[in-house]
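# Fold and contact review
Here's the letter readout for the chains.
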Amino acid sequence: MALPLLPGNSFSRNVGKEKFHKSQHWGFCNNVSMLVSEDKPGIGGELLFGQKLKPKYSAFPKGIGSDAPSWVAFDKQVLSFDAYLEDEVPDKSQENYRIRRYKIYFYLEDDTIQVNEPELKNSGMPQGTFIRRHRISLPPPNEDQFYTVHHFNINIDIIFYGRTFKIYDCDMFTKNFLRKMGVKLNPPGQCPEDPYMKLRRETLDCMGPLRPYESFDTLKQFLEYDRKVLRFFCLWDDSASLFGDRRELILHYFLSDDTIEVKEVIPHNSGRDAMSLFLQRRKLPKYGPPGVYQPGQITDRTVLNVYSGLGENRVKGYLLDKYKLGKVDQEFYKDDDLFIGATINVWGRKVLLCDCDEFTKTYYKTKYGIENFTSILCKAPPPPKIERKFPPYTGFGSEEDSLRSCIGLRPTPHQKDFRKFVAKDSYGNISNILRFFAKLFTHKCADVDRLFVISYFLSDDTISIFEPIESNSGITGGKFLKRTRVKKPGQEVFKSELSEYIKAEELYIGAKVNVNGYLFLLLNADKYTLNYMEANSDRFPMSSIELILQKLKEEESKSRELKQVLTAADSRLTKMVDYNTFRDIIMSLTVGKLTDHEVITLARHYQVPEDTRPDMNVLIARAHEQLKKKAFENFERLNAICVYQDREKKKVLPSKYIRRLCKSSRLPLTDDLLASILSGFEDSNEQINYESLFCTLNWRMNPVPELEAPSYLKERCEDEWLGMPSPIPAKYINYVRLLKDVFGLEEE
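Residues numbered from 1 in each chain as written. Predicted model: local features only at pLDDT ≥ 70, side-chain atom pairs only at ≥ 80, totals over all residues. Heavy atoms only, no water.

Selection criterion: UniProt positions are given in the numbering used here, feature names are shortened, and annotations may be inferred rather than shown by experiment.
As recorded by an unreviewed UniProt entry, the chain carries the name EF-hand domain-containing family member C2 and is attributed to Enhydra lutris kenyoni. Database annotation for the chain, UniProt heading Subunit (unreviewed entry): "Microtubule inner protein component of sperm flagellar doublet microtubules." Quoted verbatim from the Function (unreviewed entry) field of UniProt, the annotation for the chain is "Microtubule inner protein (MIP) part of the dynein-decorated doublet microtubules (DMTs) in cilia axoneme, which is required for motile cilia beating."

Quick look at the structure:
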């Protein structure tokens, strides 16, 4: 007795299973019998019907199908058969039957069939889809089955819904497919001719045209050469006539209809009106102007009027004159008449073809095999340029404004270089201002010690001079020269040309600048100016390190002496010397070949990088000063908290925890100062010895001396010390690297 069908029950193959629990159903796909797959069991260990189907057998030849479903293997594969149908025509004496042709399509993917009837002109019957695509059943008594590929062959009759279609041929793909399936193909037949269509064709052949007709087929040329245009650059030399000149033209030849269009290239300020076209698009006759013709004289066809008298049965008609008597023949320019160097007649004007574009060259090379496309110079030689002379400057207003009044009848203001102004204007921390520290070069005792700041504005090439205010000097100080452009000395005042002004390239340390009769000696420059000039060394040769090193290489004979002097100046053997010593040695050995600006550029290039980290003693002194002001003394409490948190008793804690502890305890130190001090006490593992930190910050137990103002190093210029402190460009210079780069001397 079989177990009930419950979840989890397993059945053996010999316990009533074949009778009760396995259905004897067959699946069908493409009219092919399928069995249920046994790969995936269902409830009770059985497969569910329809989960997966496997073909019991394949109706298609081996190699065509695959293990995939048939609709995948035969997707987009269609068998095409040619068939005809004899359709009876009752109640009509002209014909008893009519032959109608059809196309039968058999879709292999799902065994569907579609029947189409090709459209026939003036048939008077609805044509197109005769039977829509679907599966068609066999005629009775087998109407429970459907047509398959096995039912099709050549020279057989096939019945669809009571209509008998006679298949007489098929395409090559269908033949190959049926042969691979093992079908023996019948020889192809012939479709009989429709008697009515034959009679109608004979009638139409006997009928004459209703009117004279002669075919002129230009559609092929249009479809082949549409939007393809040949372009030639031409010249019409009309200089022989009165007031004539050379005219440049562009000729377009349209390959689609052999028409020509001519445009004129009108130069600027030529005095001619701008015309859209020189010659409108049309066919261009070779021999023109041909004269005036009567209406109807120029035509493609010659028509004769047939006159049959004045009788009642007279016939009116027209005939084409095959001899074309009286027809006017006109020759038009074709593409083979156009080539470089040819002269064509454009309605009486001799136009020379001088050059063509690349498409035109490719066209003639492909069609006519022309290889020589040497162009002819069509542009006229430029006229001699007449030098324009202006009257000298009158002294009223600026030179630019006076010049603008001489250029036009209506004076316009002088246009400044706005692009340069926008590009070089100050924005953010980029000032685009070159500042130099200068003094007056004079023999007056009262003006010898006067110092100035000269500012050069790159946006408009203006200069302003400011004198620092010095107490008890007897000089007011302040603005010495307002912002303006400064002319170079030695220029004539009343002249036709514009004056020359001082440029940024003429300013460098050590230069003497004449500003309105005052001679200034440039002593130094700020850091931004030096950086800008070194970044634009192509404009400022004094800041080009390559040119400076080239000058030093010319003194190769003094390389040993230079090394000995620099080594002797380095008494501590630190491989570096201070700037003043370096400047004195270089200036004495080069004997005036290097300027002060070049020495500063050399020193900045080989300077020893300064340690930017703050001095820990200075930081501790600043911290003690702030802690004293706030009277903060809770260091023992902070130390006790750290000891409590130090579980491993290593006397170190993470830097983040110490910072959080200081902020939560309201340690009266700024964030930057606290971060700098903590970074100084950190080890490689970002751990801080809290005992050492808080012991150092305890201003009462470990006081430090108060801060002192740092002493400035004073720069030496022209062998005298200046009264104002000026930061030097570089503190120390690595002379070993300099000797190696210039002379190739290694350290001993």
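### As for the overall build of the chain
Operational definition: By the criteria applied, helices consist of DSSP H or I runs no shorter than four residues and strands consist of E runs no shorter than two, each listed in order from the N terminus. The contact criterion used throughout is that any non-hydrogen atoms of two residues lie within 4.5 Å. Using a 1.4 Å probe, the Shrake-Rupley method yields the accessible areas, and only the shown protein chains count as cover for residues.
For the chain, the helix and strand inventory stands at 19 helices and 29 strands. In the chain, the proportion of contacts linking residues at least 24 apart, taken out of those at least 6 apart, comes to 56%. Of the accessible surface of the chain, which amounts to about 50100 Å², a share of 52% is contributed by carbon and sulfur atoms.

### Observations regarding the side chain of Thr259
Put simply, the test is: Remark: exposure states derive from per-residue accessible area (1.4 Å probe, protein chains only) relative to the maximum for the residue type, with buried under 20%, exposed over 50%, and partly exposed in between. Polar contact is defined as a pair of N or O atoms within 3.5 Å, subject to the rule that within protein one atom must be able to donate a hydrogen and the other to accept it, and that residues adjacent in sequence are counted only when both atoms are side-chain atoms.
With respect to the helices and strands, Thr259 occurs in strand E12 (residues 259-265). Relative accessible area serves as the criterion here: at 9%, Thr259 is assigned to the buried category. In this structure the side chain of Thr259 is engaged in a polar contact, spanning 2.8 Å, whose partner is the side chain of Asp257. In contact with Thr259, other than residues within four places in its own chain, are His252, Tyr253, Phe254, Arg281, Arg282 and Lys283.

### Remarks on the sheet that holds strand E11 (residues 246-254)
Consider a sheet: its strands pair through backbone hydrogen bonds, and that pairing is either parallel or antiparallel. Selection rule: Strand pairing is assigned whenever DSSP identifies at least 2 bridges connecting the two strands. Fitted lines through C-alpha atoms serve as axes, helices being fitted only where they are in contact, and the angles separating the N-to-C directions of these axes extend from 0 to 180 degrees.
Read from one edge to the other, the open sheet built from 6 strands follows the order E13-E12-E11-E10-E17-E16, with strand pairing classed as antiparallel. Looking at strand neighbours, the two that pair on one side only are strand E13 (279-282) and strand E16 (343-346), the edges of this open sheet. Put simply, the sheet's adjacent strands are angled 35° from each other on average, direction ignored.

### Looking at helix H10 (residues 545-553)
To keep it simple, the criterion reads: Taking the helix axis as origin, the arc is that swept by the directions to the C-beta atoms.
Taken together, the buried positions of H10 are occupied by Ile545, Ile548, Leu549 and Leu552. Projected down its long axis, H10 carries its buried residues within an arc of 95°, all on one side. Where H10 is buried, its residues contact helix H12 (579-590), helix H13 (596-605) and helix H19 (735-743).

### Focus on the packing of helix H15 (residues 635-645) against helix H18 (residues 690-697)
What counts is decided by this rule: For classification, angles of less than 35 degrees are called roughly parallel, those exceeding 145 degrees roughly antiparallel, those between 65 and 115 degrees roughly perpendicular, and all remaining angles oblique.
Interaxial distance between H15 and H18 falls to 10 Å at its minimum, and their mutual angle equals 175°. Taken together, H15 and H18 sit at an angle that is classed as roughly antiparallel. Between H15 and H18, the residues in contact are Phe635, Leu638, Asn639, Cys642 and Val643 and Tyr690, Glu691, Phe694 and Leu697, respectively.

### Some details on the packing of aromatic side chains
The following threshold applies: We call Phe, Tyr and Trp rings a pair once their centres come within 6.5 Å, taking the six-membered ring for Trp, and we label the pair stacked below 30 degrees between planes, edge-to-face above 60, and tilted otherwise.
Under the counting rule described, the total for this entry stands at 23 aromatic pairs. Ring plane angle 85° and centroid distance 5.8 Å describe the contact between Phe480 and Phe520, whose orientation is recorded as edge-to-face. One end of the pair, Phe480, is in strand E21 (residues 478-484); the other, Phe520, is in strand E23 (residues 518-525), with 40 residues separating them in the sequence. On the basis of relative accessible area, Phe480 is assigned to the partly exposed category, the value being 27%.

### Considering the packing of helix H11 (residues 559-569) against H19
Formally: When residues are sorted by character, Ala, Val, Leu, Ile, Met, Phe, Trp, Tyr, Cys and Pro go into the nonpolar class, Asp, Glu, Lys and Arg into the charged class, and all the rest, Gly among them, into the polar class.
The interhelical angle for the contact between H11 and H19, taken along N-to-C directions, is 175°, at an axis separation of 11 Å. Taken together, the axis directions place H11 and H19 in an arrangement best described as roughly antiparallel. Residues Ser559, Leu562, Lys563, Leu566 and Thr567 of H11 form the contact with H19, whose participating residues are Tyr735, Leu739 and Phe743. When grouped by side-chain class, the residues that make up the contact of H11 with H19 number 5 nonpolar, 2 polar and 1 charged.

### Observations regarding the nonpolar core
A general tendency of soluble globular proteins is for nonpolar side chains to be buried together. What counts is decided by this rule: In these notes, a set of buried Ala, Val, Leu, Ile, Met, Phe, Trp, Tyr and Cys residues joined through side-chain atoms within 4.5 Å is what counts as a nonpolar core. Domain delimitation follows an automatic or database domain assignment.
Counting residues in each nonpolar core, the largest one holds 53 residues, and the members touching the most others are Phe582 and Leu602. A per-element tally of this core places H19 first, with 6 residues. Among the domains, domain 4 (418-543) and domain 5 (549-607 + 732-743) are the pair contributing at least three residues each to this core. Other than its neighbours up to four places away in sequence, Phe582 contacts Leu566, Val577, Leu602, Ala603, Ile733 and Leu738. Listed in part, the 28 residues of the second largest apolar core include Ala83, Ile136, Phe160 and Leu185.

### What to know about the UniProt feature "coiled-coil region" (unreviewed entry) in the chain
According to UniProt, the "coiled-coil region" (unreviewed entry) feature falls on residues 545-572. Along residues 545-572 one finds 71% helix and 0% strand; the C-alpha atoms at either end are 28 Å apart.

### Considerations on the pattern of salt bridges
Going by this rule: Whenever a carboxyl oxygen of Asp or Glu lies within 4 Å of a side-chain nitrogen of Lys or Arg, that contact is scored as a salt bridge.
For the structure shown, the criterion picks out 38 salt bridges. Put simply, Asp87 and Arg100 hold a salt bridge, and the shortest N to O gap is 3.2 Å. Of this pair, Asp87 sits in strand E4 (residues 78-88) while Arg100 sits in strand E5 (residues 97-107), and the two are 13 residues apart along the sequence. What makes Asp87 partly exposed here is its relative accessible area of 21%.

### Overview of the pairing of E4
In terms of strand pairing, E4 meets E5 through 11 bridges, oriented antiparallel. The partner of Asp87 across the bridge, within E5, is Arg98. By the bridge criterion, 4 bridges tie E4 to strand E9 (residues 163-170) in an arrangement that is antiparallel. Pairing of Phe81 across the sheet is with Cys170, part of E9.

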